[in-house]
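The lines below spell out each chain.
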Amino acid sequence: MDEHADRLYREMIVETGGVDARLLVFEQDKHPLAVALVDVLDGGVSAVYTFYTPDLPQRGLGIFAILSQIEWTRKQRLPYLYLGYWVASSPKMDYKKHFRPLEGFVAGGWRLLSTARKRE
């Protein structure tokens, strides 16, 4: 994270206003590789923010974190993992289009999205 990490930590983890926020830490040999902040809700788990070491781009840590969150959600016996916002024109978010079903909240309701759309 950046120089604002302390403030962000307080806002996202400590001062959550009653939300059941959890940090999922993914390690190898006791060294953290990735951390996911998730909110546990009645109907599922919401992936709020995931960050990982930039030194290992070949490891695919973003996708690994999502797959791990899917498994963790199943172990909690919850039906859904919400991946959060997806901006089709953002290369950093491209990994989200590989998970199905891909739904979006459009015009007041949840709709299946096609990843075949051209980038804007």
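That block above? That's the structure.
All values derive from a computational prediction rather than experimental measurement.

Re the sheet that holds strand β2 (residues 31–41)
- Taking strand neighbours across the sheet as the criterion, the four strands line up as β1-β2-β3-β4 in an open arrangement whose pairing is mixed. Two strands close off the open sheet at either side, each with one partner strand: β1 (20–28) and β4 (81–82).
- Relative to strand β3 (residues 44–52), β2 runs antiparallel, the two being bridged by eight bridges. Among the inter-strand pairings, L41 is bridged to a residue of β3, identified as G44.
- Running at roughly 155° to β3, helix α2 (residues 61–75) makes contact with β1, β2, β3 and β4 of the sheet.

Notes on the packing of aromatic side chains
- A full pass over the atoms with the stated rule returns three aromatic pairs.
- Relative to F64, the ring of F26 lies with its centre 5.6 Å away and its plane at 80°, an arrangement referred to as edge-to-face. Placement of the pair is F26 in strand β1 and F64 in helix α2, with a sequence separation of 38 residues.

A short note on the nonpolar core
- Counting residues in hydrophobic clusters, the biggest one holds 15 residues, and the most contacted among them are L24, F26, V38, V45 and W72.
- Broken down by secondary-structure element, the contributors of at least two residues to this core are β1, β2, β3 and α2.
- The contacts of F26, once residues within four sequence positions are left out, are H31, P32, L33, A34, V35, A36, F64, A65 and S68.

Let's talk about the environment of L61
- Residue position: L61 is located in helix α2.
- Here L61 falls in the buried class, since its relative accessible area comes to 5%.
- In this structure, the C-alpha to C-alpha distance between L61 and L33, residues 28 residues apart in sequence, is 7.6 Å.
- If sequence neighbours within four positions are ignored, L61 has contacts with L33, Y52, T53 and L56.

What about a nonpolar patch on the surface?
- A contiguous nonpolar patch, built from V19, L41, Y80 and Y82 and spanning about 360 Å² of accessible area, is present on the exposed surface.
- Here Y80 lies in the loop between α2 and β4.

Comments concerning the pattern of salt bridges
- Within this structure, the stated rule accounts for one salt bridge.
- Where R22 meets D20, a salt bridge forms, and the shortest distance between an N and an O atom there is 3.0 Å.
- Residue classification places D20 among the partly exposed residues on the basis of a relative accessible area of 33%.

A few points about α2
- Relative to the 21 Å expected for 15 residues at 1.5 Å per residue, α2 spans 21 Å between its end C-alpha atoms, a close match to the ideal helical length.
- Buried residues belonging to α2 abut β1, β2, β3 and β4.
- Positive phi appears at R77, one or two residues downstream of α2, with a value of about 60°.

Re the pairing of strand β6 (residues 109–112)
- Across four bridges, strand β5 (residues 103–106) lies against β6 in antiparallel orientation. Looking at the pairing, E103 lines up with L112 of β6.
- What sits between the antiparallel neighbours β5 and β6 is a turn of two residues, in which A107 has the positive phi angle 50°.

Here is what the cut-offs are and how they apply
Residues numbered from 1 in each chain as written. Predicted model: local features only at pLDDT ≥ 70, side-chain atom pairs only at ≥ 80, totals over all residues. Heavy atoms only, no water. Pairing = 2+ DSSP bridges. Helix = DSSP H or I, 4+ residues; strand = E, 2+ residues; numbered from the N terminus. Contact = heavy atoms within 4.5 Å. Axes fitted to C-alpha atoms, helices over the stretch in contact; angles between N-to-C directions. Phe/Tyr/Trp six-rings, centres within 6.5 Å; stacked < 30°, edge-to-face > 60°. Core = buried A, V, L, I, M, F, W, Y, C linked by side-chain atoms within 4.5 Å. Buried < 20%, exposed > 50% of the residue type's maximum accessible area, 1.4 Å probe, protein only. Patch = residues over 30% accessible without salt bridge, like charges linked within 9 Å, V, L, I, M, F, W, Y side chains within 5 Å. Areas by Shrake-Rupley, 256 points an atom, 1.4 Å probe, with all protein chains shown as cover. Salt bridge = Lys/Arg side-chain N within 4 Å of Asp/Glu carboxyl O. Expected span 1.5 Å × (residues − 1).

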